[in-house]
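Listed below are the residues making up each chain.
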Amino acid sequence: CIRNSTSFVKGHNLKLDNEPSAAEILAAIGDPAKYREIVFCGYGEPTMRLDVVKEVAKKLKSSNARIRLVTNGHGDLINRRPIARELSGIIDNVSVSLDVDREDEYYKVCVPQFGRGTYEAVMDFVRDCVSNKIKTEITCLDLPGVDMKRCMDIARSLGADLRKRSYGVVG
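The rules behind these values
Per-chain numbering applies: the sequence of each chain, read as written, is numbered from 1 onward. The predicted origin of the model limits local features to residues at a pLDDT of at least 70 and limits the giving and counting of side-chain atom pairs to 80 or more, whereas totals for whole chains, interfaces and linings rest on all residues. Calculation of side-chain values draws on the structure's entire complement of heavy atoms; hydrogens and water are dropped beforehand. Between buried and exposed lies partly exposed: a residue is buried under 20% and exposed over 50% of the maximum accessible area for its type, with that area taken using a 1.4 Å probe on protein chains only. By definition, any uninterrupted DSSP run of H or I lasting at least four residues is a helix, any uninterrupted run of E lasting at least two residues is a strand, and each is numbered from the N terminus. In this analysis, strands are considered paired if DSSP registers two or more bridges between them. Here a Phe, Tyr or Trp ring, Trp counted by its six-membered ring, pairs with any other such ring whose centre lies within 6.5 Å, and the pair is stacked when the planes are under 30 degrees apart, edge-to-face when over 60, and tilted otherwise. Working rule: Lys NZ or Arg CZ, within 6 Å of ring centre, within 35 degrees of ring normal, means a charge sits over the ring. The set of buried Ala, Val, Leu, Ile, Met, Phe, Trp, Tyr and Cys residues whose side-chain atoms join them within 4.5 Å is what this entry labels a nonpolar core. Every residue pair with non-hydrogen atoms within 4.5 Å of one another is taken to be in contact. Salt bridges are identified by distance alone: a Lys or Arg side-chain nitrogen within 4 Å of an Asp or Glu carboxyl oxygen. Any pair of nitrogen or oxygen atoms within 3.5 Å is treated as a polar contact; in protein, a donor-acceptor pairing is required on top of that, and neighbouring residues in sequence qualify only through side-chain atoms on both sides.

A.B. asks: Residues and numbers for the pairing of strand β5 (residues 93-99), please.
C.D. replies: Along β5, seven of the seven residues are buried, which leaves the element largely enclosed by surrounding structure. Pairing of strand β4 (residues 67-71) with β5, which is carried by four bridges, proceeds in the parallel orientation. Within the sheet, the bridge partner assigned to T71 lies in β5 and is V96.

Here it is in structure tokens:
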């Protein structure tokens, strides 16, 4: 993850002195009509602040904004409950960074804080998003040894789309 080596992405320092409140986020957005899409992504995992994400998304949806969540898929583990139903109707699209095509590689590349069982929790989260009618994609990285056909098979088996990402290209 880029945050392990720098605070800067495309010349912008993303380090914050404090986490903004829902009101501060909404004020910074202003009129959501000027944006094609509002994306909750992180220099960290957005679902760590699920209540803020939900509050902001609900307000933005009342203005007909399109909302996307970019996540590592650990939200159920972080929040100790399935969260997809809570996102349904306020999040239009979810992009889950699976990154690789095999469970054993997932633990090596992603090194999830929740340890073993995280990969299956991510799969469950994707399935839950799909079953809650949230347009869902998984993303895989173009790392050596990652089989994009296998990634596509995983995405299809979950009812999701696949998007290939280039490793090291952020933003």
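A.B. asks: Now, about the packing of aromatic side chains: what can you tell me, with residues and values included?
C.D. replies: Summed over all chains, the structure comprises two aromatic pairs. Ring geometry for Y106 and Y119: centres 5.5 Å apart, planes at 65°, overall edge-to-face. Taken together, the residues Y106 in helix α5 (residues 103-110) and Y119 in helix α6 (residues 118-131) connect sequence positions 13 residues apart. Its relative accessible area of 9% is what places Y119 among the buried residues. A cation over a ring is seen here: R116 above Y107, with NZ or CZ 4.0 Å from the ring centre.

A.B. asks: Can you explain the nonpolar core? Please cite residues and give values.
C.D. replies: The biggest cluster of nonpolar side chains holds 41 residues, and the ones touching the most others in it are F40, I67, L87, I91, V94 and L98. Excluding residues that lie within four positions of it along the chain, L98 makes contacts with Y106, C110, Y119, V122, M123, I138, T139 and I154.

A.B. asks: So what's going on with unusual backbone geometry? Residues and values would help.
C.D. replies: Of note, N64 is a non-glycine position whose phi angle comes to about 65°, a positive value. With respect to the helices, strands and loops of the structure, N64 is situated in the loop between α2 (50-61) and β4. The phi dihedral of R80 falls on the positive side, at around 60°, and the residue is not glycine. Locating R80 in the fold gives a position in the loop between α3 (75-79) and α4 (84-87). For R80, a relative accessible area of 79% translates into the label exposed.

A.B. asks: Any details on the pattern of salt bridges? Residues and values, ideally.
C.D. replies: Summed over all chains, the structure comprises 16 salt bridges. Residue E86 pairs with R81 through a salt bridge whose shortest N-O separation is 2.7 Å. Across the salt bridge formed by D153 and K149, the nearest N and O atoms sit 3.2 Å from each other. Residue D153 and its partner K149 are located together in helix α7 (residues 148-158), separated by four residues, close to a single helical turn. Judged by its relative accessible area of 36%, D153 is partly exposed. For K149, a relative accessible area of 57% translates into the label exposed. Among the charged side chains, a salt-bridge network with shared partners connects D101, R102, D104, E105, K108 and R150.

A.B. asks: Go over the environment of A23, please, and point to the residues and values.
C.D. replies: Following the sequence through the fold, A23 ends up in helix α1 (residues 22-29). Looking at A23, the relative accessible area reads 54%, which means it is exposed. Separated by 32 residues in sequence, A23 and E55 have C-alpha atoms that sit 9.2 Å apart.

A.B. asks: Residue-level account of the environment of K135, with values.
C.D. replies: Relative to the helices and strands, K135 is located in strand β6 (residues 135-141). Distance from K135 to G159, taken between C-alpha atoms, is 9.3 Å for residues 24 residues apart in sequence. A polar contact of 2.6 Å, which involves the side chain of K135, links it to the side chain of D161.

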